[in-house]
Amino acid sequence: MTTALHEECPLRREGALGVHSLDHFRLAVPDLGEARDFFSAFGLDVRATGGGLDLHAEGEPHRWATLVEGSHKRLHSVCFGAFAEDLHALRARLVSLDIEWQGASSEDSIWLRDPAGNLIEIRAAGRAAPREKSLYSEWPAASALRGATSRSLAPKVRPRRLAHLALFTPDVSRTIAFYEAALGLRLSDRSADAVAFMHAPHGSEHHLIALVRSDGPGLHHSSWDTGSVQEIGLGAMQMADAGYRLGWGLGRHVLGSNYFHYVRDPWGSYAEYSAGMDYIPADVEWVGTDQPVHDSMYLWGPSVPEDFVTNYETAR
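What counts as what
- Residues numbered from 1 in each chain as written.
- Predicted model: local features only at pLDDT ≥ 70, side-chain atom pairs only at ≥ 80, totals over all residues.
- Heavy atoms only, no water.
- Pairing = 2+ DSSP bridges.
- Helix = DSSP H or I, 4+ residues; strand = E, 2+ residues; numbered from the N terminus.
- Salt bridge = Lys/Arg side-chain N within 4 Å of Asp/Glu carboxyl O.
- Buried < 20%, exposed > 50% of the residue type's maximum accessible area, 1.4 Å probe, protein only.
- Polar contact = N/O pair within 3.5 Å; in protein donor to acceptor, adjacent residues only side chain to side chain.
- Axes fitted to C-alpha atoms, helices over the stretch in contact; angles between N-to-C directions.
- Parallel < 35°, antiparallel > 145°, perpendicular 65-115°, else oblique.
- Contact = heavy atoms within 4.5 Å.
- Nonpolar A, V, L, I, M, F, W, Y, C, P; charged D, E, K, R; others polar.
- Expected span 1.5 Å × (residues − 1).
- 1 Å grid on protein atoms, 1.4 Å probe; cavity = no way out; pocket = protein on both sides within 12 Å on 5 of 7 lines; lining within 4 Å.
- Points joined across faces, edges and corners; volume = space filled by probe spheres on them.
- Phe/Tyr/Trp six-rings, centres within 6.5 Å; stacked < 30°, edge-to-face > 60°.

Enquirer: Explain the pairing of strand β7 (residues 119–124) to me, using residue names and the numbers behind them.
Expert: For strand β5 (residues 74–82) and β7, the ladder comprises five bridges, and the chain directions are parallel. Residue pairing for β7: Phe80 is matched across the bridge by Ile122. Where strand β6 (residues 109–113) folds back onto β7 in an antiparallel hairpin, the turn is made up of five residues, including Gly117, whose phi is positive at roughly 105 degrees.

Enquirer: Please set out the pattern of salt bridges residue by residue, giving values where relevant.
Expert: Within the structure shown, the criterion is met by 14 salt bridges. Among the salt bridges present, the one from Arg161 reaches Glu205, with a minimum N-O distance of 2.9 Å. Of this pair, Arg161 sits in strand β8 (residues 161–169) while Glu205 is found in strand β11 (residues 204–205), placing the two residues 44 residues apart along the sequence. Overall, Arg161 belongs to the buried group, its relative accessible area being 9%. For Glu205, a relative accessible area of 3% gives the class buried.

Enquirer: Give me the lowdown on unusual backbone geometry, citing residues and values where you can.
Expert: Omega for the bond connecting Gly249 with Leu250 falls within 30 degrees of zero, at -5 degrees, which places this linkage in the cis form. With respect to the secondary-structure elements, Leu250 resides in strand β14 (residues 247–252). In this model, Asp98 sits at a positive phi of 60 degrees, which is unusual for a non-glycine residue. Tracing the chain through its elements places Asp98 in the loop between α2 (87–96) and β6. In this structure, Ala192 is a non-glycine residue whose phi angle is positive, near 50 degrees.

Enquirer: Break down helix α1 (residues 32–42) for me, with residues and values.
Expert: Listed as buried for α1 are Leu32, Ala35, Phe38, Phe39, Ala41 and Phe42. Of the residues that open α1, the one with a side-chain oxygen 2.9 Å from the backbone nitrogen of Gly33 is Asp31. Following α1 by one or two positions, Gly43 adopts a phi angle in the positive range, close to 110 degrees.

Enquirer: How would you sum up the packing of α2 against helix α3 (residues 172–183)? Please name residues and give values.
Expert: Packing of α2 against α3 leaves a shortest axis separation of 9 Å and a crossing angle of 130 degrees. Between α2 and α3, the crossing angle belongs to the class labelled oblique. Counting all contacts with α2, which are made through Leu90, Arg93 and Leu94, the residues of α3 involved are Ala181, Ala182 and Leu183. For the contact of α2 with α3, the per-class residue count stands at five nonpolar, no polar and one charged.

Enquirer: Go over helix α4 (residues 229–241) with me, naming the residues and quoting the values.
Expert: An ideal rise of 1.5 Å per residue puts 18 Å on 13 residues; α4 measures up with 18 Å between its terminal C-alpha atoms. Looking at α4, one finds that the buried residues are Val229, Gln230, Ile232, Leu234, Gly235, Ala236, Gln238 and Met239. Contacts made by the buried residues of α4 are with α1, β14, β15 (259–264) and β16 (270–275). The N-cap of α4, judged by a side-chain oxygen 3.4 Å from the amide nitrogen of Gln230 a few residues on, is Ser228. Looking at the residues trailing α4, positive phi occurs at Gly243, about 100 degrees.

Enquirer: Can you tell me about the layout of surface pockets, naming the residues and giving the values?
Expert: Estimates place the volume of the largest pocket at around 430 Å³. Taken together, 26 residues form the lining of the largest pocket, with Val195, Phe197, Met297, Phe308 and Val309 sitting closest to its centre. Contributions of two or more residues to the lining of the largest pocket are made by β8, β10 (195–199), β12 (209–213), β13 (218–225) and α5 (293–296).

Enquirer: Break down the packing of aromatic side chains for me, with residues and values.
Expert: This structure, assessed with the given rule, holds 17 aromatic pairs. Measuring from ring centre to ring centre gives 5.7 Å for Trp248 and Tyr262, while their planes differ by 10 degrees; the resulting arrangement is stacked. Of this pair, Trp248 sits in strand β14 while Tyr262 sits in strand β15, and the two are 14 residues apart along the sequence. With a centroid separation of 5.2 Å and 90 degrees between ring planes, the pair formed by Trp248 and Tyr298 is classed as edge-to-face. Here Trp248 is found in strand β14, whereas its partner Tyr298 is found in the loop between α5 and α6 (312–315), with 50 residues between them in sequence. An aromatic cluster is present here, built from Phe38, Phe39, Phe42, Tyr244, Trp267 and Tyr273 joined pairwise through their rings.

And the structure:
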């Protein structure tokens, strides 16, 4: 499926230096068994590896997350993929910006911290981001004659890939400037100093990361791509049936335009079913906006839970 704007989208933006994908994230949780139950119910392929768990889309080789055991839930790191031929120039730019590297940096991997303290890796890696707008159907029918199937025959929802992460930061504007300068990300839209959304320059969904104001670093949610509002609704139902009833949705966001349902995980953060996200091709000059929070958080849906933006990594 091509984007609505272009028959063929270039694979990279000419003259732009920056990462191309959100590759994976690493999260510490207090109970790996509890994590396996949650993400398996969510529809991901959870694989045991090296004392932890890896999260994959069903039957796919790419690892989207690694979970390890810790004393409490804590975002360990976020990895972004870059073209191998760009890594030297990215490294040189970090030197010119006087950004301090972390000890694990190597020839094909750079580690650094964002202004909030979140640990970031830039790695030479194949592209994991979609090259065009993700295939989306408004409401797929069960058959040509019947629009819905029996509830007992409803298929299990299995997200296709990691779509984006929302990270906590005490200073949204400063963190925007860091990701622009260090990783080449671009501002898509923001709501004052409450939240901002950033995309990669080489063809990207509306955001690879969201930055949410808080009192410290952490993970607010991971978002996972599905193909329809139907799948989001079915996903919400399968999680409720598995005992995970707290969350927010069904609704539609304004910034990014995606339909959503957030499911609260056992540690106070969220996993989001998402569909229909806006896509920014590599040859489009996106003009970002700054919109009031009350007018841009969601177009329709239930009221936002009171603790939706609580950072439980610092609140503990």
